[in-house]
Amino acid sequence: MQFDVLTLFPEMFVTTKQSILGKAQEKNLIKINTVNIRDFSNNKHKKVDDTPYGGGAGMVIMPDVVYRAYKSIEAKNAKVIYMSPQGKTLNQEKVVELSKQEHIIILCGHYEGIDQRVIDKIVDEEISIGDYVLTGGELPAMVLIDSVSRYVENVLTQESIKEETFSQGLLEYPQYTRPEIFEGKEVPQVLLSGHHKNISDWRKQQSIKVTFLKRPDLLKKYKLSKDEQEYLEKIKRSVDKNTPLKNKKEVEF
Ligand code: 4FD
């Protein structure tokens, strides 16, 4: 899968060899290519922006420079995405959908904005990574590339994919490793039992519990089996509703 990133700050897109994305590029599973918008300025000072028509503070990136940068990319079937706080919020479902694309072109704007005409001309989809404002679209572009690349064949090991699909729609169960006792705290005994069925039941219950406590909004969308429903009722009865919990989001049940 290929990502082309149209940006004024190509130096921001670096990946270390050891990281998952670094290894994925080494193996040619994904390619991350940056296109420096500034290289397509026709101005002798490499100027890419100008004052806004109608007045106001700041500068606006000129449409022709962005358009030439875009046209320099060889693409037959690429989807063009504009990272912007005005876009639809990225979620895992969208990530999976995008991972089926062979080629994605990402346009990074920044606070000063890009002339609307080139956005209207080349952009297929406007995507936000959340309701907050950043100085540029580069970090959002990296978030998108990272999340989508995880679904490209062979980027993740078989093991990590299995773990994920096991508890789709639920938060992950807690993990433990050596030492068996840390600062007086023991590892849950079931994990040391070697009893695979009990371990997987316990993990599923932990996923349900942690989702109920931290993200009850997610639980509403998840289809629970009869056993899982019963377990959830048990948790609801046992949980002190007045116990404050870090990260808890308030939702009515
Ligand atoms: N929430 C996001 C994307 C970009 C960004 C920018 C218009 C500002 C946050 C277009 C305004 C781009 C996000 C750059 N901040 N800043 O995904």
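Positions within a chain are numbered from 1, following the residues in the order the chain's sequence is written. Two thresholds apply to this predicted model, a pLDDT of at least 70 for residue-level local features and 80 or more for giving and counting side-chain atom pairs, whereas whole-chain, interface and lining totals are computed over all residues. The basis for every side-chain value is the complete set of non-hydrogen atoms in the structure, without hydrogens or water.

Undergrad: Would you mind showing me how to read the overall build of the chain here?
TA: By the criteria applied, helices consist of DSSP H or I runs no shorter than four residues and strands consist of E runs no shorter than two, each listed in order from the N terminus. Looking only at helices and strands, one finds nine helices and nine strands in the chain. Over its C-alpha atoms the chain spans a radius of gyration of 23 Å, topping by over 25% the 18 Å that the globule rule assigns to 253 residues. Once the C-alpha set of the chain is aligned to its principal axes, its extents read approximately 70 × 40 × 35 Å. Looking at the chain as a whole, 38% of its 253 residues are labelled buried. Only heavy atoms matter for contacts: two residues are in contact if any of them lie within 4.5 Å across the pair. Counting contacts in the chain only where the partners sit at least 6 residues apart, residues at least 24 apart contribute 75% of the total. In the form shown here, the chain has an accessible surface area of approximately 16700 Å², with 50% of it arising from carbon and sulfur atoms. Only four residue types enter the tally: Lys and Arg on the positive side, Asp and Glu on the negative side; His and the chain ends are excluded. Charge coordinates come from a single atom per side chain, which is NZ of Lys, CZ of Arg, CG of Asp or CD of Glu. Within the chain, the 37 negative side-chain charges are centred at a point lying 2 Å from the centre of the 38 positive side-chain charges. C-alpha atoms define the radius of gyration, and 2.2 Å times the number of residues to the power 0.38 defines the globule rule. Classification of residues uses two cut-offs on accessible area relative to the type maximum, computed with a 1.4 Å probe and protein chains only: under 20% is buried, over 50% is exposed, and between them is partly exposed. In these tables, accessible area is a Shrake-Rupley quantity obtained with a 1.4 Å probe, and a residue counts as shielded only by the protein chains included in the view.

Undergrad: Just to check I follow, could you spell out the packing of aromatic side chains for this structure?
TA: The geometry of an aromatic ring pair is captured by two quantities: the separation of the ring centres and the angle between the planes. Only the six-membered ring of Trp is used, alongside the rings of Phe and Tyr, when aromatic pairs are assigned; centres must lie within 6.5 Å, and planes under 30 degrees apart are stacked while those over 60 apart are edge-to-face, with the rest tilted. Here the structure, examined in full by the defined rule, presents one aromatic pair. The interplanar angle of 25° and the centroid separation of 6.1 Å between the aromatic rings of Tyr-67 and Tyr-70 together place this pair among those described as stacked. Taken as a pair, Tyr-67 and Tyr-70 lie in helix H2 (residues 63–71) at a separation of three residues, close to a single helical turn. With a relative accessible area of 25%, Tyr-67 lands in the partly exposed category. Of the residues examined, Tyr-70 reaches a relative accessible area of 24% and is grouped as partly exposed.

Undergrad: What is the right way to read the site of the ligand from this model?
TA: As a matter of local geometry, the ligand sits amid 15 residues, with Ser-128, Ile-129, Gly-130, Tyr-132 and Leu-134 nearest to it. Taking Ser-128, its side chain carries an N or O atom lying 3.2 Å from a nitrogen atom of the ligand. Two N or O atoms form a polar contact when they lie within 3.5 Å of each other; inside protein one atom must be a possible hydrogen donor and the other a possible acceptor, and for residues adjacent in sequence the pair counts only when both atoms belong to side chains. A distance of 2.8 Å separates a nitrogen atom of the ligand from a polar backbone atom of Gly-130. When the ligand is considered free in solution it has 410 Å² of accessible area, and contact with the protein chains removes 91% of it. Counting residues per element, the shell around the ligand draws most heavily on strand E5 (residues 79–89), which supplies four residues. In this count, Pro and Cys sit with the nonpolar residues alongside Ala, Val, Leu, Ile, Met, Phe, Trp and Tyr, while Asp, Glu, Lys and Arg are called charged and the others, Gly among them, polar. Residue composition of the shell around the ligand, by class: eight nonpolar, seven polar and no charged. For this description, a residue counts as near a given molecule or strand if any of its non-hydrogen atoms is within 4 Å of it.

Undergrad: Just to check I follow, could you spell out the domain arrangement of the chain for this structure?
TA: Reports often express the size of an interface as the amount of accessible area lost when the parts come together. You can read the domains of the chain as domain 1 (2–156) and domain 2 (181–251). Domain borders in the structure are assigned automatically or taken from a domain database. Of note, the centres of domain 1 and domain 2, computed from C-alpha atoms alone, are 39 Å apart.

Undergrad: Whenever I open this one, the packing of helix H7 (residues 196–214) against helix H9 (residues 226–238) confuses me. Can you help?
TA: The packing of two helices is summarised by the inter-axis angle and the distance between the axes. Close contact between H7 and H9 brings their axes to 10 Å; oriented N to C, the two are set at 50°. Considering the angle they form, H7 stands oblique to H9. The handedness of the crossing between H7 and H9 is right-handed. Contacts from Lys-204, Gln-205, Ile-208, Lys-209 and Phe-212 of H7 reach H9 at Glu-228, Tyr-231, Leu-232, Ile-235 and Lys-236. Here the residues of the contact of H7 with H9 are counted per class, giving five nonpolar, one polar and four charged. Fitting a line to C-alpha atoms yields each axis, with helices limited to the stretch in contact; the angle taken between N-to-C directions then spans 0 to 180 degrees. By definition in this entry, angles of less than 35 degrees are roughly parallel, angles greater than 145 are roughly antiparallel, angles of 65 to 115 are roughly perpendicular, and the rest are oblique. The crossing is said to be left-handed when, going from far helix to near helix, the turn is anticlockwise and less than a right angle, and right-handed when the turn is clockwise.

Undergrad: How should I be thinking about the pattern of salt bridges in this particular structure?
TA: Pairs can form between side chains of opposite charge whenever their charged atoms are close. In what follows, salt bridge is the name for a side-chain nitrogen of Lys or Arg lying within 4 Å of a carboxyl oxygen of Asp or Glu. Applying the stated criterion across every chain, the model contains 10 salt bridges. A salt bridge links Lys-79 to Glu-125; the nearest nitrogen and oxygen atoms lie 3.1 Å apart. With Lys-79 in strand E5 and Glu-125 in strand E7 (residues 125–128), the pair connects residues that are 46 residues apart, well separated along the chain. Each of Lys-79, Lys-94, Glu-97 and Glu-125 takes part in salt bridges that share partners, so that together they form one network.

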